[in-house]
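Here are the chains, one letter per residue:
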Amino acid sequence: MKDKYKYLKNLNNEFLELLLNNSDLDEREYKVLKSSLIKDHLREKTCQDLYMSISTYRNIKDRALAKVHLIFCAIMRKAFKD
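Definitions and limits used
- Residues numbered from 1 in each chain as written.
- Predicted model: local features only at pLDDT ≥ 70, side-chain atom pairs only at ≥ 80, totals over all residues.
- Heavy atoms only, no water.
- Helix = DSSP H or I, 4+ residues; strand = E, 2+ residues; numbered from the N terminus.
- Rg over C-alpha atoms; globule rule 2.2 N^0.38 Å.
- Buried < 20%, exposed > 50% of the residue type's maximum accessible area, 1.4 Å probe, protein only.
- Contact = heavy atoms within 4.5 Å.
- Areas by Shrake-Rupley, 256 points an atom, 1.4 Å probe, with all protein chains shown as cover.
- Salt bridge = Lys/Arg side-chain N within 4 Å of Asp/Glu carboxyl O.
- Core = buried A, V, L, I, M, F, W, Y, C linked by side-chain atoms within 4.5 Å.

Caption draft 1: Quick peek at the overall build of the chain. Check the secondary structure of the chain and you find five helices and zero strands. Counting helices and strands in the order they occur from the N terminus, the chain gives α-α-α-α-α. Taken over C-alpha atoms, the radius of gyration comes to 13 Å for the chain, in line with the 12 Å a tight globule of 82 residues would show. Put simply, the chain has 82 residues, and 28% of those count as buried. Within the chain, counting contacts between residues at least 6 apart in sequence, those at least 24 apart form 58% of the total. Carbon and sulfur atoms make up 54% of the accessible area of the chain, which totals about 5700 Å².

Encoded structure:
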C-alpha cells in the first residue's frame, strides 16, 4: 500500500489539504493523513498523539489513502477530459 500512494507525499501541501478536505474522511482519518503526509510525523508520534495502536493506525491510514486516491483520480479524469 505504501508504494501505491507515494505520489501524495510529493504533492503541494495546499493541494494535498484540498484533497483531504474533499475526500469524505472522518476526523480520525483526516488527522492520521494530515500528520503523516503534511506534517511528516513518524508513525509512533502520530499513534501517541491520537492514542491509537499501530495496527489501528495502519487500518485507518489505508482506508483514508484509498478515499483520497479516488478523489485524486476523479479530479485527474475530469482535467484530462476537459
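Let us keep going from here.
Caption draft 2: Molecular detail of the pattern of salt bridges. Counted under the stated rule, the structure contains six salt bridges. Between Lys31 and Glu27 there is a salt bridge whose closest N-O contact spans 2.9 Å. Note that Lys31 and Glu27 are positioned in helix α3 (residues 27-38) at a spacing of four residues, about one turn of the helix. On the basis of relative accessible area, Lys31 is assigned to the partly exposed category, the value being 37%.

Caption draft 3: Structural view of the nonpolar core. Ranked by size, the top nonpolar core spans 12 residues in total: Tyr5, Leu8, Leu16, Leu19, Leu20, Leu25, Leu33, Leu37, Ala64, Leu65, Val68 and Phe72. Mapped by element, the contributors of at least two residues to this core are α2 (13-21), α3 and α5 (54-81). If one sorts the elements of this core by residue count, α5 sits on top with four residues. Among the nonpolar cores identified, the runner-up in size contains five residues, and Val32, Cys47, Tyr57 and Ile60 belong to it.

Without other data, these values stay purely geometric and don't point to any function.
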